[in-house]
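Spelled out, the chains give:
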Amino acid sequence: PPRILSGMQPTEDSLTLGNYVGALTQWVALQDSYDALYCVVDLHALTVQPDPARLRDRTRRTAAQYLAAGVDPLRSALFVQSHVPEHAELAWVLSCLTGFGEASRMTQFKDKSAKQGSDGTTVGLFTYPVLMAADILLYDAELVPVGEDQRQHLELTRDLAERLNQRFGGDTAVVPEAHIVRALAKVQDLQDPTRKMSKTELGKGTIWLLEDPKAAAKKIRGAVTDDGSEIAYDPVAKPGVSNLLTIFSALTGRPIETVVKDYDGKMYGHLKVDLAEVVVDFLTPLQARVDEYLSDPHELDAVLAQGADRAREIARGTLARVYDKVGLLPAR
Ligand code: TYM
């Protein structure tokens, strides 16, 4: 089967509902028909200079959330990026193919570095998308399930794959496609629905997978809605309500149109009260599963070791192929 790869950063204790809806639902859905590899990108998380003990803990917690969301280690390889040294090795080769201007145009870099000021910005943050390209090309992945905010990084990855093929021969890299599901790929902040729900917002606009379900329900009931009163899906004119409909649809598996029909003639408040309940019913069992995985770190580490073995098998072959193509002398 064709291969897919994706990853998330372990930068907080908990993933967000945006991570779940935009990416994890797709990871789980695709693992049956693809050869799937899902990693916790701990090397990427170093760009925010995390506390070492915290990073280690968050790496396990992130893996536990993948499992609790339904990533099945019997079908998918679940691993930690730094356990496969080839990621950093391929990233170097790719960084020598990436234009300085090209990397400078990445909007996430511009946003993040603007927040930190030029002294706080690191070279790692700048080359972050190159490491992401390495994650993907290392496995000859054909498809990469991500949210909308990763589209530009995927474009860069495709450009780098094409560049490798132009310079070193057509079979050097597989050019990947982004798998971005329009109706799911953009969960917005509950307090400012024109902005994406993000891990860096500590306010009431973000729902965390591991937060108290009652607190999450309160955030849903307090979500900012739009002018008018009709419940309709229109992300431009009604960003707040549309965002709630997206979440409702993702968590219940019911198409958005069906949800809209169900709420015909009802008010925003009805939708919010019901969605708050849906969120509680989703988070409560998910958190119980996360706790279970975290209660046995040895078992969790064994799953990650198995995933890394499988990933390395593939990664070694790809890196050797690329090293050979670009003219590095093989060690004997
Ligand atoms: P990260 O850790 O910021 O987010 C993980 C995934 O969640 C998606 N996502 C969202 N989707 C919908 N609505 C939102 N509000 C929302 N917030 C986040 C992201 O699009 C992503 O799919 N650079 C990546 C991690 C990465 C990666 C990779 C991804 C590193 N290497 C290789 C794919 C393949 C990132 O920072 O994602």
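Please read all numbers here as calculations on a predicted model, not as lab measurements.

*Asks:* Looking at this structure, how should I read the pattern of salt bridges?
*Replies:* In a structure, side chains of opposite charge can pair up when their charged atoms sit close to one another. Per the counting criterion, the structure on display carries 16 salt bridges. The shortest N-O distance in the salt bridge between Lys-196 and Asp-149 comes to 2.6 Å. Here Lys-196, found in the loop between strand E5 (177-179) and helix H9 (213-221), pairs with Asp-149, found in the loop between strand E4 (143-145) and helix H8 (151-168); they are 47 residues apart in sequence, far enough to count as distant. Taking the relative accessible area as the measure of exposure, Asp-149 reaches 34% and is therefore partly exposed. The partner of Arg-195 in a salt bridge is Asp-189, with the nearest N and O atoms 3.2 Å apart. The class of Arg-195 is partly exposed, set by a relative accessible area of 36%. The class of Asp-189 is buried, set by a relative accessible area of 2%.

*Asks:* Please explain the packing of aromatic side chains as it appears in this structure.
*Replies:* By convention here, two paired aromatic rings are described through the distance between centres and the angle between planes. Inspection of every chain in the model, using the stated rule, returns seven aromatic pairs. Ring geometry for Trp-27 versus Tyr-66: centroids 4.7 Å apart, planes at 75 degrees, classification edge-to-face. Of this pair, Trp-27 sits in helix H1 (residues 17-30) while Tyr-66 sits in helix H3 (residues 52-69); the two residues are 39 residues apart in sequence, bridging distant segments of the chain. For Tyr-66, a relative accessible area of 0% gives the class buried. Chaining the aromatic ring pairs together yields one cluster made of Trp-27, Tyr-38 and Tyr-66.

*Asks:* Explain the site of the ligand to me, please; I cannot follow it from the model alone.
*Replies:* Around the ligand, the surrounding shell holds 25 residues, and the nearest of these are Tyr-128, Asp-135, Gly-147, Asp-149 and Val-187. Contact distances for the ligand include 3.0 Å between an oxygen atom and a side-chain N or O atom of Asn-19. Within the complex, 96% of the 710 Å² of free accessible area of the ligand lies under protein. Contributing elements (two or more residues each) for the shell around the ligand: strand E1 (3-8), H1 and helix H7 (123-137). Here the shell around the ligand is built from residues that sort into twelve nonpolar, nine polar and four charged.

*Asks:* Teacher, can you tell me more about the nonpolar core here?
*Replies:* Nonpolar side chains in soluble globular proteins tend to be buried together. Ranked by size, the top nonpolar core spans 56 residues in total, and within it Leu-17, Leu-24 and Tyr-66 carry the most contacts. With residues near it in sequence (within four places) discarded, Leu-24 still touches Met-8, Leu-15, Asn-19, Gln-65, Tyr-66, Ala-69 and Val-71.

*Asks:* Any chance you could explain the UniProt feature "binding site: L-tryptophan" (unreviewed entry) in the protein here in plain terms?
*Replies:* UniProt marks Asp-135 with the feature "binding site: L-tryptophan" (unreviewed entry), using the numbering shown here. For Asp-135, a relative accessible area of 3% corresponds to the buried category. Excluding residues within four positions of it along the chain, Asp-135 makes contact with Leu-5, Val-41, His-44, Gln-81 and His-87. Looking at Asp-135, its side chain comes within polar contact range of the side chain of His-87, at 2.8 Å.

*Asks:* Help me out: how do you make sense of empty space enclosed by the protein in this one?
*Replies:* Over the atoms rolls a probe the size of a water molecule, and in doing so it shows where empty space is left. Within the structure shown, the criterion is met by one cavity of 30 Å³ or more. Considering only enclosed or pocket space, the largest cavity measures out at about 50 Å³ in volume. Secondary-structure elements contributing two or more residues to the lining of the largest cavity are helix H6 (107-120) and H7. In the lining of the largest cavity, the residues fall into four nonpolar, two polar and one charged.

*Asks:* Would you take a moment to explain the UniProt feature "binding site: ATP" (unreviewed entry) in the protein for this structure?
*Replies:* With numbering aligned to this structure, UniProt lists the feature "binding site: ATP" (unreviewed entry) at Gln-9, Pro-10, Thr-11, Gly-18, Asn-19, Gly-147, Glu-148, Asp-149 and Val-187. Looking only at the residues we just named, the second largest pocket is lined by Glu-148. Mapped onto the elements, Gln-9 comes out in the loop between E1 and H1. By relative accessible area, Gln-9 is classed as buried at 15%. Sequence-distant contacts of Gln-9, that is, excluding residues within four places in its chain, are made with Leu-15, Val-41, His-44, Ala-45, Thr-47, Lys-112, Tyr-128 and Lys-199. Checked against the element boundaries, Gly-147 lands in the loop between E4 and H8.

*Asks:* Mind showing me how you'd approach the environment of Pro-145 here?
*Replies:* Mapped onto the elements of the fold, Pro-145 is located in strand E4. Owing to a relative accessible area of 0%, Pro-145 belongs among the buried residues under this scheme. Spatially, the C-alpha atom of Pro-145 lies 15 Å from that of Gly-70, the residues being 75 residues apart in sequence. Contact partners of Pro-145, with chain neighbours within four places excluded, come to Ile-4, Leu-5, Ser-6, Gln-26, Trp-27, Leu-30 and His-179.

*Asks:* Would you take a moment to explain the layout of surface pockets for this structure?
*Replies:* Of the pockets and cavities examined, the second largest pocket occupies roughly 310 Å³. Forming the walls of the second largest pocket are 13 residues, and the residues nearest its centre are Arg-182, Lys-186, Tyr-233, Pro-235 and Thr-246. Residue composition of the lining of the second largest pocket, grouped by class: six nonpolar, four polar and three charged.

The rules behind each value
Residues numbered from 1 in each chain as written. Predicted model: local features only at pLDDT ≥ 70, side-chain atom pairs only at ≥ 80, totals over all residues. Heavy atoms only, no water. Salt bridge = Lys/Arg side-chain N within 4 Å of Asp/Glu carboxyl O. Helix = DSSP H or I, 4+ residues; strand = E, 2+ residues; numbered from the N terminus. Buried < 20%, exposed > 50% of the residue type's maximum accessible area, 1.4 Å probe, protein only. Phe/Tyr/Trp six-rings, centres within 6.5 Å; stacked < 30°, edge-to-face > 60°. Near = heavy atom within 4 Å. Polar contact = N/O pair within 3.5 Å; in protein donor to acceptor, adjacent residues only side chain to side chain. Areas by Shrake-Rupley, 256 points an atom, 1.4 Å probe, with all protein chains shown as cover. Nonpolar A, V, L, I, M, F, W, Y, C, P; charged D, E, K, R; others polar. Core = buried A, V, L, I, M, F, W, Y, C linked by side-chain atoms within 4.5 Å. Contact = heavy atoms within 4.5 Å. UniProt positions renumbered as here; feature names shortened; annotations may be inferred. 1 Å grid on protein atoms, 1.4 Å probe; cavity = no way out; pocket = protein on both sides within 12 Å on 5 of 7 lines; lining within 4 Å. Points joined across faces, edges and corners; volume = space filled by probe spheres on them.

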